[in-house]
Amino acid sequence: MKIVLIISFCFLSILSCSEKKEAIPNCQDAEKLAKSDFEKGKYIYYVYQDLTDDKSFNKEFSEILKSKNIKVIYKTKYPPSCIIEAEEKLEKSKKCYQLMMNLEMEAKFGNPFFDSIRIEAKKTHKN
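The shown structure was predicted, so the numbers you read here are calculated from the model rather than taken from an experiment.

Participant: Honestly, the state of the cysteines in this entry has me stumped. Any pointers?
Facilitator: Every disulfide links exactly two cysteines, by a covalent bond between their sulfur atoms. The tally for this structure, following the rule as stated, stands at one disulfide. The disulfide partner of cysteine 27 is cysteine 96, and the S-S distance across this bridge is 1.8 Å. Measuring handedness by torsion sign, the sulfur bridge of cysteine 27 and cysteine 96 sits at about -100° and is left-handed. Here cysteine 27 is found in helix α2 (residues 27-39), whereas its partner cysteine 96 is found in helix α4 (residues 89-109), with 69 residues between them in sequence. Owing to a relative accessible area of 27%, cysteine 27 belongs among the partly exposed residues under this scheme.

Next comes the structure, spelled out in structure tokens:
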């Protein structure tokens, strides 16, 4: 009886490990997902910053946009390198999603909207 239980447990463990992994979406699918999320009111604004950029008012910027139902995700831009790295499919898919979401956000609210929020955040941070 113990042997049957052990074999059953091993068999179930092997099956659970071999479950199909979710396919990584290609760029077009990632863009469609971003548009779909945007249409559902899931607003995410991706802010790309260099390592040397002033990040002191990021908290205020995020809070102001959060009050307008917009989530902010900060991404760091690393300096260019001589070393060529193969971009993983997942990373490429993420970038396609982020770019499309930002384009949708800027089309809806306009670029001056985000610039004015940055100015407001800087003023709030100084006070």
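Moving on, there is more to tell.
Participant: Would you mind going over the environment of isoleucine 73 with me for this structure?
Facilitator: Mapped onto the elements of the fold, isoleucine 73 is located in strand β2 (residues 70-77). Residue class for isoleucine 73 comes out partly exposed when judged on its relative accessible area of 25%. Taking the C-alpha atoms as reference points, isoleucine 73 and serine 62, 11 residues apart in sequence, are found 8.5 Å from one another.

Participant: Got a minute to help me understand unusual backbone geometry in this structure?
Facilitator: Both trends apply: most residues other than glycine have a negative phi, and most peptide bonds are in trans. A positive phi angle is found at asparagine 69, which is not glycine, with a value near 65°. With respect to the helices and strands, the residue asparagine 69 is situated in the loop between α3 (58-67) and β2. Classification of asparagine 69 by relative accessible area gives exposed; the value is 52%.

Participant: What's the story with the packing of α4 against helix α5 (residues 111-126) in this structure? I'm lost.
Facilitator: Closest axis-to-axis distance for the α4/α5 pair is 6 Å, and the angle between their directions is 90°. In terms of their interaxial angle, α4 and α5 are classed as roughly perpendicular. Between α4 and α5, the contacting residues are Met105, Glu106 and Phe109 on the first element and Asn111, Phe113 and Phe114 on the second.

Analysis parameters
Residues numbered from 1 in each chain as written. Predicted model: local features only at pLDDT ≥ 70, side-chain atom pairs only at ≥ 80, totals over all residues. Heavy atoms only, no water. Disulfide = S-S within 2.5 Å. Helix = DSSP H or I, 4+ residues; strand = E, 2+ residues; numbered from the N terminus. Buried < 20%, exposed > 50% of the residue type's maximum accessible area, 1.4 Å probe, protein only. Axes fitted to C-alpha atoms, helices over the stretch in contact; angles between N-to-C directions. Parallel < 35°, antiparallel > 145°, perpendicular 65-115°, else oblique. Contact = heavy atoms within 4.5 Å.

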